[in-house]
Amino acid sequence: QVQLVESGGGLVQAGGSLRLSCAASGRIFSTNSMGWYRQMTGKQRELVATISSGGGTNYADSVKGRFTISRDNAKNTVYLQMNNLKPEDTAVYYCNARILGGTDYFTRVYWGQGTQVTVSS
């Protein structure tokens, strides 16, 4: 009843930029926090950035100053602008959202399908 669809991943050279988008759709009453996570080969999935419903943000130290998370509440969409990309940013990126919805009006955390970001040296 609720799904998150990501777009914007791809292959870029070091120093380049990408913008990821993630749109939530379905039976949504309200969208609370949203965020981006990534999983690198051989590592646990890690937080990249989060944004609250009011616009407050948090970033992993490794991306501060380079990545910017934003959201469009009217569209239930979260974005991740990634600048000055480095090879170590290569990972599968997943968006997530804490959403009140469904027929039972429960709050659940939903995940996107993941999108590959590859940064060449």
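Everything discussed here concerns the structure shown above.
In this text the structure is predicted, and so the values were computed from the model without any measurement.

Rules used in this analysis
- Residues numbered from 1 in each chain as written.
- Predicted model: local features only at pLDDT ≥ 70, side-chain atom pairs only at ≥ 80, totals over all residues.
- Heavy atoms only, no water.
- Disulfide = S-S within 2.5 Å.
- Helix = DSSP H or I, 4+ residues; strand = E, 2+ residues; numbered from the N terminus.
- Buried < 20%, exposed > 50% of the residue type's maximum accessible area, 1.4 Å probe, protein only.
- Pairing = 2+ DSSP bridges.

A. The state of the cysteines, seen in detail. For the structure on display, the rule yields one disulfide. Disulfide pairing places Cys22 opposite Cys95 at an S-S distance of 1.9 Å. On the sign convention where negative means left-handed, the S-S torsion of about 45° between Cys22 and Cys95 marks this disulfide as right-handed. Highlighted residues: Cys22 in strand 3 (residues 18–26) and Cys95 in strand 9 (residues 91–101), separated in sequence by 73 residues. When sorted by exposure, Cys22 lands in the same class as Cys95, which is buried.

B. Structural context of the pairing of strand 11 (residues 115–120). Here strand 11 shows a buried face lined by Thr115, Val117 and Val119 and an unburied face lined by Gln116, Thr118 and Ser120. As paired elements, strand 9 and strand 11 share three bridges and run antiparallel to each other. Looking at strand 11, one finds that Ala91 is bridged to Val117.

By themselves, these figures tell us nothing about what the structure is for.
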